[in-house]
Each structure stands twice: as structure tokens, then as C-alpha cells.
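So the chains spell out like this:
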Amino acid sequence: MERTIYNRIVAATTTTLITKGSGISGSIKKILLTNSDDTDSCVVTLDLYTGSTTIAIIAEINMPPRTTLILDDNLAFDSSIYNLRIITSTTAEITVIIK
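Please read all numbers here as calculations on a predicted model, not as lab measurements.

Draft legend 1. How the structure looks around the sheet that holds strand 1 (residues 5–9). Taken in spatial order, the four strands make up an open sheet running 1-8-3-6, and their pairing is antiparallel. The open sheet is flanked by strand 1 and strand 6 (67–71), the only strands paired with a single partner. Strand-to-strand twist in this sheet, taken as the mean axis angle between neighbours without regard to direction, amounts to 10°. Here five bridges tie strand 3 (residues 31–35) to strand 6, and the two strands are oriented antiparallel to one another. Residue pairing in the sheet places N35 in a bridge with T67 of strand 6.

Draft legend 2. Spatial organisation of the environment of I9. With respect to the helices and strands, I9 occurs in strand 1. A relative accessible area of 4% places I9 in the buried class. A C-alpha to C-alpha distance of 16 Å links I9 and I61, two positions 52 residues apart in sequence. In contact with I9, not counting residues within four places along its chain, are T15, I86, T88, A92, E93, I94 and V96.

So, how was this worked out
Per chain, the residues get numbers from 1 upward, laid out in the order the sequence is written. Local features in a predicted model are, by the rule used here, given only for residues with pLDDT of at least 70; side-chain atom pairs are given and counted only at 80 or more, and totals for whole chains, interfaces and linings are based on all residues. As a rule here, side-chain values cover all heavy atoms of the structure and leave hydrogens and water aside. Two strands qualify as a pair provided DSSP detects at least 2 bridges between them. In this text, helices come from DSSP runs of H or I with a minimum length of four residues, and strands from runs of E with a minimum of two, each type numbered from the N-terminal end. Every angle, taken between N-to-C directions, lies between 0 and 180 degrees, and every axis is a line fitted to C-alpha atoms, over only the stretch in contact when it is a helix. Here the term buried applies to any residue with accessible area under 20% of the maximum for its type, exposed to any over 50%, and partly exposed to those in between, with areas from a 1.4 Å probe on protein chains only. Here, two residues are considered to be in contact whenever any of their heavy atoms come within 4.5 Å of each other.

Written as C-alpha cells, this is what we have:
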């Protein structure tokens, strides 16, 4: 059975979406990022992190209010080595869905 991960972020913060070694596969088909805020933009970075090395998947993308970004190509990673993280710059409501 496929596992879907949902996360709602409402702060300027770094959030680990998939923790390395957690048993959750890095075999990802799609990531949807939605800024559902009515007024605030948000700068978003999505990266892989070993604890010392960072590899950007998307770097500092400005998401205007009421927009969605769909990533659906070359997303698989080794979840025994990397954390999948999102870094957000504002309190805009960002929803992340990983399939």
C-alpha cells in the first residue's frame, strides 16, 4: 500500500518531512506544495540533508498566495542517508502532500 504524507506548516521554520532511517521510503512519485494563504507569499526551499551536507531540490522559490507547485520528476532518494526537509520563510499556510 502506498503511503501518503500530509503536512501543514504555518511558521517560518525548517520542517523534516521524511526522517532518514525512519523506515519511510524515499521512493516518491509526486510532491505538491500549496500556499493557501490569501495574502502572504512564502519563499520555500526543499532539500535533502545528511546532518552536515545539504542538497537543494528547489532553492528559494517564491510562492505567491493561492498557488500550487507540483514536483513529479526525479524525486527518489535514499532515505537511509538523507532527511527530506522544507524551509519556509513566513507564516503563510503551506500544505505539503507527498505521494
